[in-house]
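# Tertiary structure, described
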Amino acid sequence: MEERVITSDKPDLPKRLFWEFRYDDIEWREDYLIVIERIIERGTPEHWAEIIRFYGRDFVLNVIKNEVLFFPDYAIQEVCNYFSLRREELLCYRRKQSRPGHWI
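All values derive from a computational prediction rather than experimental measurement.

## A few points about the overall build of the protein
Across its full length, the protein holds 5 helices and 0 strands. For the protein, the sequential pattern of α-helices and β-strands runs α-α-α-α-α. Looking at the protein as a whole, 38% of its 104 residues qualify as buried. A sequence separation of at least 24 residues applies to 56% of the contacts in the protein between residues at least 6 apart. Summed over its atoms, the accessible surface of the protein is roughly 6,800 Å², and 49% of this surface lies on carbon and sulfur atoms.

Quick look at the structure:
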């Protein structure tokens, strides 16, 4: 696992993105997976830059590629564009391909 580069106690992210959590009680270091997933799915490019600043680019990239189990299709595309990745490099994409949905 990549080493995290944390430069402050918490990232500067809006509380509204973490509506179901007590914002002041979030353990930013321990809950990195939830934070990164949420920001990728619902954040702006400025929020993405903030998690990269807080956790470090290599760490965020490693989490996105190897730990995130699900992203919606639009988030997969945005991640690939932002980080110059191929979809196949993402665990969540490979899992999606191996688990085809049921057609109704």
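## So, the environment of E88
Secondary-structure assignment places E88 in the loop between α4 (73–83) and α5 (91–98). For the pair E88 and K65, spaced 23 residues apart in the sequence, the C-alpha separation amounts to 9.3 Å. Once residues lying within four places of it in the same chain are set aside, the contact partners of E88 are Y93 and R94.

## So, the pattern of salt bridges
Applying the stated criterion across every chain, the model contains 5 salt bridges. The salt bridge partner of E20 is R38, with a shortest N-O separation of 2.6 Å. Of the two residues, E20 is situated in the segment before α1 (32–42) and R38 in helix α1; the sequence distance between them amounts to 18 residues. Across the salt bridge formed by E50 and R53, the nearest N and O atoms sit 2.6 Å from each other. Placement of the pair is E50 and R53 together in helix α2 (residues 45–55), with a separation of 3 residues, close to one helical turn.

## As for α2
Buried within α2 we find H47, W48, E50, I51, I52, F54 and Y55. The inward-facing, buried residues of α2 contact α1, α3 (57–66) and α4. Directly after α2, the chain includes G56, whose backbone phi takes a positive value near 100 degrees.

## A few points about the nonpolar core
Judged by nonpolar contacts, the single largest core of 32 residues is most densely connected at I36 and Y55. Apart from residues no more than four positions distant in its own chain, I36 is found in contact with I51, Y55, F59, V60, V63 and I64.

What counts, and at which threshold
- Residues numbered from 1 in each chain as written.
- Predicted model: local features only at pLDDT ≥ 70, side-chain atom pairs only at ≥ 80, totals over all residues.
- Heavy atoms only, no water.
- Helix = DSSP H or I, 4+ residues; strand = E, 2+ residues; numbered from the N terminus.
- Buried < 20%, exposed > 50% of the residue type's maximum accessible area, 1.4 Å probe, protein only.
- Contact = heavy atoms within 4.5 Å.
- Areas by Shrake-Rupley, 256 points an atom, 1.4 Å probe, with all protein chains shown as cover.
- Salt bridge = Lys/Arg side-chain N within 4 Å of Asp/Glu carboxyl O.
- Core = buried A, V, L, I, M, F, W, Y, C linked by side-chain atoms within 4.5 Å.

Bear in mind that shape data such as this cannot, by itself, settle questions of function.
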